[in-house]
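Take a look at the letters that make up each chain.
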Amino acid sequence: MKNLDKNFNMVQDILNKTEEELKKMNPVNIMVVGKTGVGKSTLINNLFRENLALTGIGRPITKHLRRISKEGVPLVLYDTRGLELSLEVQKEIKSEIFDTIKENKKLGIQGEIHLAYYCINANSSRIESTELELISELSEKLPVVIVLTQSIGEPAATFKTYIENLNLPIYGVVSLMAENFKLTEEMSIPAFGLKELLELSFEIIPEEAKKAFNNAQQVDIARKANSARSWATRYIATSFGVGFLPIPFSDASVLVPMQVTLLAHITAIFGISMDKATIASLVAAIGGTGGATFAGRYIVSNVIKLIPGAGTVVGGLISGSTAAIMTTALSMSYIEVLAIIAAGEKDGKYPDLKNIEKLMKEKFQARLKKGAKINKNLDLTTDLSKENLELGDVKKNHFLSKFKRLTKRKKS
């Protein structure tokens, strides 16, 4: 029971620090404009994680505007309703939109709206004069991207060309299909265009909001992984530089606070729904049941012999370079496994924790053998296998009941 407590204490430390990292992020604020039925909710749920349009809290801030947010996701959406109504109502909506933009501007970078998606159903092949007027006026206050939803076939392509030739003061027009479109039982049109919208959005939003946007998006997992890998490399270089003092094997656990911070920051970058059980499985893969001191004990018993040249350390000391190699292996293998979890979460799949633990251990040991080498060109979306990671309903229910018993026992 003592070892279990240690494991969960460390896991809780990672979760707490992850939450701290999330609070440091300036949220990204986006206004989504368009008539009812153009596919705004479908766009939101496929572009961003957590099914925000379905599970987020939608709080009305005006008669025709609602604010959508969810705890743990550094993103706020402002959704418009009723644009297809009478001209009088449209004037009300326009007034509400610009009043909201003005009021949010007073809140600074954390509250101001950074971008507007103006959604039009491409199948309609028409845009009304009132919409053109609204887009032009809106572009004077915010960067605007026109999003053509349900863009199927030649008419949609023709409509895009028509809008581009209007020379509106916008940042671009993106045609997309937010999710697979089923034609028959055997045939469907695969989703497309979300990555293009994502890349354009990254170019537009301010630098201060890009971390939050990367956390919230679920379209480009490789972007999350590359960001995490870049940050981890800088962190390791800073923490374990040439001047890092050698430490005795017996005191190797002093590395733990640094590594907890490292893992927490990586988790915050990915923005996946990591619970205690998942992190505990990943930690267990490295240090077994003594998770609270995995850095020290695992180095002594397992890691050193896997690092080329590390066994020749004189006087039983761990050099800064050896510690850096071990921490690099930890962070890079953690990133690879989180990429797999994130990809599965996007598809609504649960990871099999037993296989996740095994995969983490394999990735960690493989990374140790590479020493300090990091393949910066690794595409985590294609180089990592997803086999045997999905958790079936029976296993999922068994795991949930087991986890509840463990946490209940811990509290008692």
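Values in this document were obtained by computation on a predicted structure and should not be read as measured data.

Reading guide: rules and limits
- Residues numbered from 1 in each chain as written.
- Predicted model: local features only at pLDDT ≥ 70, side-chain atom pairs only at ≥ 80, totals over all residues.
- Heavy atoms only, no water.
- Buried < 20%, exposed > 50% of the residue type's maximum accessible area, 1.4 Å probe, protein only.
- Helix = DSSP H or I, 4+ residues; strand = E, 2+ residues; numbered from the N terminus.
- Pairing = 2+ DSSP bridges.
- Phe/Tyr/Trp six-rings, centres within 6.5 Å; stacked < 30°, edge-to-face > 60°.
- Axes fitted to C-alpha atoms, helices over the stretch in contact; angles between N-to-C directions.
- Parallel < 35°, antiparallel > 145°, perpendicular 65-115°, else oblique.
- Contact = heavy atoms within 4.5 Å.
- Nonpolar A, V, L, I, M, F, W, Y, C, P; charged D, E, K, R; others polar.
- Polar contact = N/O pair within 3.5 Å; in protein donor to acceptor, adjacent residues only side chain to side chain.
- Patch = residues over 30% accessible without salt bridge, like charges linked within 9 Å, V, L, I, M, F, W, Y side chains within 5 Å.
- Areas by Shrake-Rupley, 256 points an atom, 1.4 Å probe, with all protein chains shown as cover.
- Salt bridge = Lys/Arg side-chain N within 4 Å of Asp/Glu carboxyl O.

## Observations regarding the pairing of strand 4 (residues 73–80)
Summarising burial for strand 4: 8 of the 8 residues are buried, a large majority. Both faces of strand 4 are covered, namely the face carrying Val73, Leu75, Leu77 and Asp79 and the face carrying Pro74, Val76, Tyr78 and Thr80. Here strand 1 (residues 28–34) runs beside strand 4; their pairing, made up of 5 bridges, is parallel. Bridge pairing in strand 4 places Val28 opposite Leu75. Taking the residues that link successive antiparallel strands as the turn, the strand 3 (residues 65–70)-strand 4 hairpin has 2 residues, and the phi of Gly72 there is positive, at about 90°.

## Some points on the packing of aromatic side chains
In this structure the tally under the stated criterion is 4 aromatic pairs. Arranged with centres 5.9 Å apart and planes meeting at 75°, the rings of Phe48 and Phe213 form a pair that is edge-to-face. With Phe48 in the loop between helix 2 (40–47) and helix 3 (52–55) and Phe213 in helix 8 (residues 210–216), this residue pair connects regions lying 165 residues apart in the sequence. The same class applies to Phe48 and to Phe213, which are both buried. Seen in terms of ring centroids, Phe202 and Phe213 are 4.9 Å apart; in terms of plane orientation they differ by 75°. Their pairing is edge-to-face. One end of the pair, Phe202, is in helix 7 (residues 194–204); the other, Phe213, is in helix 8, and 11 residues separate them in sequence. Classification of Phe202 by relative accessible area gives buried; the value is 8%. The exposure class assigned to Phe213 is buried, which follows from its relative accessible area of 0%.

## So, the sheet that holds strand 1
Strands pair in a sheet through their backbones, by hydrogen bonds, and they do so in one of two ways: parallel or antiparallel. Ordered by their spatial adjacency, 7 strands build an open sheet running 2-3-4-1-5-6-7, and the pairing between neighbours is mixed. Whereas interior strands pair on both sides, the edge strands pair on one side only; in this sheet they are strand 2 (57–60) and strand 7 (172–175). On average, adjacent strands in this sheet sit at an angle of 25° to one another, irrespective of strand direction. Pairing geometry for strand 2 and strand 3, over 4 bridges, is antiparallel. In the sheet register, Arg59 faces strand 3, and the bridge partner there is Arg67.

## A closer look at the packing of helix 4 (residues 87–105) against helix 5 (residues 129–139)
The geometry of helix 4 relative to helix 5 is characterised by a closest axis approach of 12 Å and an angle of 10° between their N-to-C directions. In terms of orientation, helix 4 and helix 5 fall into the roughly parallel class. Between helix 4, through Leu87, Gln90, Lys94, Ile97, Phe98 and Ile101, and helix 5, the contact on the second element is made entirely by Thr130, Glu133, Leu134, Glu137 and Leu138. When the residues that make up the contact of helix 4 with helix 5 are grouped by side-chain class, the tally is 6 nonpolar, 2 polar and 3 charged.

## Quick notes on the side chain of Asn215
Position of Asn215 relative to the elements: it lies in helix 8. Here Arg49 takes part through its side chain, which lies 2.7 Å from a polar atom of the side chain of Asn215. Here Asn215 is in contact with Leu22, Met25, Arg49, Gly72, Pro74, Lys224, Ala268, Ile269, Phe270 and Gly271, once residues within four sequence places are set aside.

## Focus: the environment of Thr62
Inspection of the secondary structure assignment puts Thr62 in the loop between strand 2 and strand 3. A residue is classified by how much of its surface remains accessible, and Thr62, at 24% relative accessible area, is partly exposed. Along the sequence, Thr62 and Glu92 sit 30 residues apart, while their C-alpha atoms lie 10.0 Å from each other. Other than its neighbours up to four places away in sequence, Thr62 contacts Glu96 and Thr100.

## Brief notes about a nonpolar patch on the surface
Together, Phe181, Leu183 and Met187 give the surface a local cluster of nonpolar side chains, amounting to about 280 Å² of exposed area. Residue position: Met187 is located in the loop between strand 8 (181–182) and strand 9 (188–189).

The values reported here are purely geometric and, on their own, carry no functional implication.
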